[in-house]
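# Commentary on secondary and tertiary structure
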Amino acid sequence: MANCIQCGRQLPGLTFGRKICRWCVQHEAAQRGEDSPIQRVELAPWTRPQSSSMVVTQAIFGINVAVFAAMTLAGVSPFEPTGKQLVDWGANFGPYTIEGQWWRLLTCVFVHIGIPHIALNMWCLWGLGRLAESVYDRWTFGAVYLITGLAASVASLAWNPTIVSAGASGAIFGIAGALIAAFYLGEFSLPKTVVSGLLMSVLKFAGYNLVLGAFLGHTDNAAHVGGLVSGLILGALIARLAPQREETGRRVGILLFGLLLVFGGAIWWRHLHLYLLR
């Protein structure tokens, strides 16, 4: 079968003489101001081969599984690891993090508290990561994941610095927040009903898990909220200021701004914490 010369989408069978798919035709009509049931394009999910659309998601998935496997082989219980064992492997723990071990804000994102914990997080990562990596490019998706993971760790540290915190859920909520902002503020060449359906699915995921976390005492909901809010901010800035993948400079600026906000918040909170202890 032939492919569209603009977006690469596969054209229907027995298509003769046509080089542009109906989605691109309707997109061009929308750009001319003509009525069209299709929204304008921010980014068409089919512009890159499906086989390469999960490279970063698969890499993050693999790192999490590898860390968990290494913990298990080293003697850590795969179901009930102790707090000390988690801290030894890089979990976020206020007294250590505040005293200079800031790398824990990142390493804790790849440490999990037992098989049920990592299984649920990796299931959510696989679904949301695949969707986010088709909306954003690879490096933007990876950067948003890491920055929102850091923001989640800072939020957890600020809310309760005495607990041991670990897991990818904060970063996963960050990806959910970025997707919510993209689907709400962005422009896609998909029908509005499809975009609205995707938006509602991600909203339901975030809402259900936040409510569930509020009722489960052992869930670090502060990290979830921190990740979600930071993801919403980054996603909104990208959708409004740098919606196209070619706008690399603007996207780098937005991501650096987000990173500075996270580290600024961490430093401010540390000074406040030390002041209160005087």
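See the structure shown above.
Residues numbered from 1 in each chain as written. Predicted model: local features only at pLDDT ≥ 70, side-chain atom pairs only at ≥ 80, totals over all residues. Heavy atoms only, no water.

### Quick word on the pattern of salt bridges
In plain terms, the rule: Any Lys or Arg side-chain nitrogen located within 4 Å of an Asp or Glu carboxyl oxygen qualifies as a salt bridge. Runs of H or I in DSSP of at least four residues are treated as helices and runs of E of at least two as strands, each being numbered from the N terminus. Think of it in three bands: residues with accessible area under 20% of the maximum for their type are buried, residues over 50% are exposed, and the middle band is partly exposed, with areas taken using a 1.4 Å probe on protein chains only.
Within this structure, the stated rule accounts for two salt bridges. With a closest N to O distance of 3.0 Å, Lys 84 and Asp 88 form a salt bridge. Here Asp 88 and Lys 84 lie together in helix 3 (residues 83–88), a separation of four residues that amounts to about one turn. Here Lys 84 matches Asp 88 in class, with each residue exposed.

### Points about the environment of Ser 169
For the record, the criterion: Residues are treated as being in contact if the distance between any of their heavy atoms lies within 4.5 Å.
Secondary-structure assignment places Ser 169 in helix 8 (residues 169–185). Given the relative accessible area of 15%, Ser 169 is considered buried. Taking the C-alpha atoms as reference points, Ser 169 and Leu 125, 44 residues apart in sequence, are found 8.4 Å from one another. In contact with Ser 169, other than residues within four places in its own chain, are Asn 121 and His 224.

### Regarding the environment of Ala 158
Inspection of the secondary structure assignment puts Ala 158 in helix 7 (residues 138–159). Spatially, the C-alpha atoms of Ala 158 and Trp 269 are 6.8 Å apart, while their sequence positions differ by 111 residues.

### Quick word on the packing of aromatic side chains
What counts is decided by this rule: Think of it this way: a Phe, Tyr or Trp ring, Trp meaning its six-membered ring, pairs with another when their centres are within 6.5 Å, and the plane angle makes it stacked under 30 degrees, edge-to-face over 60, tilted otherwise.
Using the criterion set out here, one finds four aromatic pairs in the structure. Seen from their ring centres, Phe 61 and Trp 126 are 5.3 Å apart, and the 75° between their planes marks the pair as edge-to-face. Of this pair, Phe 61 sits in helix 2 (residues 55–73) while Trp 126 sits in helix 6 (residues 115–135); the two residues are 65 residues apart in sequence, bridging distant segments of the chain. Taking relative accessible area as the criterion, Trp 126 reaches 35% and is therefore assigned partly exposed. Plain terms: the ring middles of Phe 93 and Tyr 96 are 5.4 Å apart, the flat faces sit at 85° to each other, and that makes the pair edge-to-face.

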